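Below, each chain spelled out in residue letters.
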Amino acid sequence: MSWFSDPAQTSTSLRDHGYLPDGATATTAYLAGALEKPLLVEGPAGVGKTELAKAIARSTGASLVRLQCYEGLDEARALYEWNYKKQLLRIQAAGDDEDIFSEEFLLTRPLLTAIRRTEPTVLLIDEVDKTDIEVEGLLLEILSDFQVTIPELGTMAAARRPFVVLTSNASRELSEALKRRCLYLHLDYPDAAREREIVTAQVPDLDHAIAERLVDVVGRLRDLDLKKAPSIAETIDWARTLIALHLRTLDEQAIADTLGAVLKHSSDHERAIKELKLLDAR
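Figured I'd write up the structure that's included with this text. If you're wondering where the values come from, they're calculated on a predicted model, not measured in any experiment. (Residues numbered from 1 in each chain as written. Predicted model: local features only at pLDDT ≥ 70, side-chain atom pairs only at ≥ 80, totals over all residues. Heavy atoms only, no water.)

### Concerning the packing of helix α10 (residues 208-222) against helix α11 (residues 232-244)
Here's step 1: Where α10 contacts α11, the two axes come as close as 11 Å, and the packing angle between them is 140°. In this view, α10 runs oblique relative to α11, as classed from their interaxial angle. Once α10 is placed against α11, the crossing between them reads as right-handed. Of the residues in α11, those touching α10 at I210, L214, V217, V218, L221 and R222 are I232, T235, W238, A239 and L242.
Here's step 2: Across the contact of α10 with α11, the residue classes break down as nine nonpolar, one polar and one charged. (Axes fitted to C-alpha atoms, helices over the stretch in contact; angles between N-to-C directions. Helix = DSSP H or I, 4+ residues; strand = E, 2+ residues; numbered from the N terminus. Parallel < 35°, antiparallel > 145°, perpendicular 65-115°, else oblique. Left-handed = near helix turned anticlockwise from the far one by under 90°. Contact = heavy atoms within 4.5 Å. Nonpolar A, V, L, I, M, F, W, Y, C, P; charged D, E, K, R; others polar.)

### Points about the sheet that holds strand β2 (residues 63-68)
What links the strands of a sheet is backbone hydrogen bonding, and the strands pair in either a parallel or an antiparallel sense.
Here's step 1: The strand order across the open sheet formed by five strands is β2-β5-β8-β1-β9, and the pairing between neighbours is parallel. With one partner strand each, in any of the chains shown, β2 and β9 (183-186) form the two edges of the open sheet. Going from strand to strand, the sheet's axes swing by 20° on average, the running direction of each strand aside.
Here's step 2: Alignment of strand β5 (residues 121-126) against strand β8 (residues 163-168), held across four bridges, turns out to be parallel. Of the residues in β8, the one forming a bridge with L123 is V164.
Here's step 3: Across the sheet, helix α2 (residues 23-34) lies against β1 (39-42), β8 and β9, angled at about 160° from β9, the strand it touches most. (Pairing = 2+ DSSP bridges.)

### Quick word on α11
Here's step 1: Over its 13 residues, α11 runs 18 Å from end to end, which matches the ideal 18 Å to within 8%, given 1.5 Å per residue.
Here's step 2: Considered for burial, the residues of α11 that qualify are I232, E234, T235, I236, W238, A239 and L242.
Here's step 3: Looking at the buried positions of α11, the neighbouring elements they touch are α9 (192-202), α10 and α12 (252-258).
Here's step 4: Where α11 starts, the residue carrying a side-chain oxygen 3.4 Å from the main-chain nitrogen of A233 turns out to be S231.
Here's step 5: At the C-terminal side of α11, H246 shows a positive phi close to 60°. (Expected span 1.5 Å × (residues − 1). Buried < 20%, exposed > 50% of the residue type's maximum accessible area, 1.4 Å probe, protein only. Polar contact = N/O pair within 3.5 Å; in protein donor to acceptor, adjacent residues only side chain to side chain.)

### Overview of the pattern of salt bridges
Here's step 1: Applying the stated criterion across every chain yields a total of 16 salt bridges.
Here's step 2: Across the pair E195 and R222 runs a salt bridge whose closest N-O atoms are separated by 2.7 Å. In this pair, E195 sits in helix α9 while R222 sits in helix α10, placing the two residues 27 residues apart along the sequence. An identical accessibility class is assigned to E195 and R222; each is buried.
Here's step 3: Among the salt bridges present, the one from R220 reaches D216, with a minimum N-O distance of 3.9 Å. (Salt bridge = Lys/Arg side-chain N within 4 Å of Asp/Glu carboxyl O.)

### Quick word on the nonpolar core
Here's step 1: Ranked by size, the top nonpolar core spans 33 residues in total, and within it L79, L111, L112, I125, L139, I150 and L166 carry the most contacts.
Here's step 2: Contributing elements (two or more residues each) for this core: β2, β3 (80-82), α6 (110-116), β5, α7 (133-145), β6 (147-150) and β8. (Core = buried A, V, L, I, M, F, W, Y, C linked by side-chain atoms within 4.5 Å.)

### A word on the side chain of T10
Here's step 1: On the secondary structure map, T10 appears in helix α1 (residues 7-16).
Here's step 2: Excluding residues that lie within four positions of it along the chain, T10 makes contacts with F4, A26, A29 and Y30.

### Points about the pairing of β8
Here's step 1: In terms of residue burial, β8 counts as a mostly covered element, since six of its six residues are buried.
Here's step 2: Residue alternation in β8 divides its side chains into two sets, F163, V165 and T167 and V164, L166 and S168, and both sets are buried.
Here's step 3: Examined bridge by bridge, β1 and β8 share four bridges and lie parallel to one another. Its bridge partner lying in β8, V41 is registered against T167.

See below:
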């Protein structure tokens, strides 16, 4: 299938499905589909990396298969494993001559599931930097040839290549072998104008003046030395909080009362309130 017709149509389609890309994002997403290359999206937490994969699935009508990466993830959880309990029961019932390494006993995990699907599929490999380096080795065959080798069953090649999106928060450096197989996109926090556009698109009832004030405050919070800078999703949460409380101004008291929507550490609260007071006093 043709995922998108050109970068302009990619941008329009993603916007129509709730994701507002910049030019580089739309172009790279288009190329990933056109060239059938995995897309590695890197950047700080909360800038829309995972949401981009979801938006690609929504805008193309594809199914989304997600592999959430974590430390200790292994082949059995990422690729496949055998249903040992069912195999044991079959041996007990039928004897040792029974073939227990067949499709009937195979438990597919996200990577193999995406490879075997015949309908359009977006494979999201989320936070790949949280896995061990061994998992990257597992991904190389899949991302190079879109096939999986199961010793008992042979090689399973993709009937239809999925659109692969890998995300990384850059907590560790990924291998060059993995990067070579991918197109690369770096996402950062948007500028104020684009973040206002995102917020007002997601929270259309928010007053324009409050949206400007909200985005300005969030931008100043990101300039502070906080444990966790606010993400775009948290900016949207803050906007929805203001709507829910029927607040029409974002003054010092409103900020203090609602800061929990955007900052999740007590030390960040204390620092933010102190620094914002100093900035507003200048």
